[in-house]
Amino acid sequence: MTMSGHSMREVYTVVGCGLLLSLVGCDYWPPALQAQIEQMRSETQTLTMEKAQLQAQVSDLSKAKQEAQSQMDELGRMNREKTAMIMSLQKQLDVVRAKTLKSRSSKSAQRKIPAKLKAHPAPKVPPAKKVCRKGSVCGSSV
């Protein structure tokens, strides 16, 4: 058992040293690793700037979409108003046409009635003869 107590003490010592070294850390960084870290930092900054630009574009496009949507809504409303106005004008036109047709048909009926009365021709009156200056009838060949 003395061996196992002694070996346990060594294990605890090694673990303790490992923990102590892990807390202290190493200040040496190899140049290749430093270059990789610098490259990743610059890529991160570049990506951050691109992300900001893309977010600005997205917000601009969202604003443009909202403006276009409001214009579409306004045009749709105007279209409905104009359609209603056209329908109203068409109804008015149909009413006016119907009135015109009724008045024409009543006028033509009134015209047809006198035409039936005129079925018997009136007696023809000979045209009056014109008298020229010298007392003779004009247009006659004597």
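The structure we're discussing is the one just above.
Below: a short report on this structure. A quick note: this is a predicted structure, and the numbers were derived from the prediction, not measured.

**Some thoughts on the overall build of the chain**
Across its full length, the chain holds two helices and zero strands. Per-residue burial over the chain gives 0% buried out of 142 residues. A total of about 14200 Å² of accessible surface is found on the chain, and carbon and sulfur atoms cover 64% of it.

**Quick word on the pattern of salt bridges**
Applying the stated criterion to the full structure yields three salt bridges. Its salt-bridge partner being Arg-77, residue Glu-74 comes within 2.3 Å of it at the nearest N-O pair. In this pair, Glu-74 and Arg-77 are both assigned in helix α2 (residues 31–117), three residues apart and thus about one turn of the helix distant. Residue Glu-74 is classed as partly exposed on the basis of its relative accessible area of 37%. Here the residues in one salt-bridge network are Glu-74, Arg-77 and Glu-81, joined through shared partners.

Rules and cut-offs
Residues numbered from 1 in each chain as written. Predicted model: local features only at pLDDT ≥ 70, side-chain atom pairs only at ≥ 80, totals over all residues. Heavy atoms only, no water. Helix = DSSP H or I, 4+ residues; strand = E, 2+ residues; numbered from the N terminus. Buried < 20%, exposed > 50% of the residue type's maximum accessible area, 1.4 Å probe, protein only. Areas by Shrake-Rupley, 256 points an atom, 1.4 Å probe, with all protein chains shown as cover. Salt bridge = Lys/Arg side-chain N within 4 Å of Asp/Glu carboxyl O.

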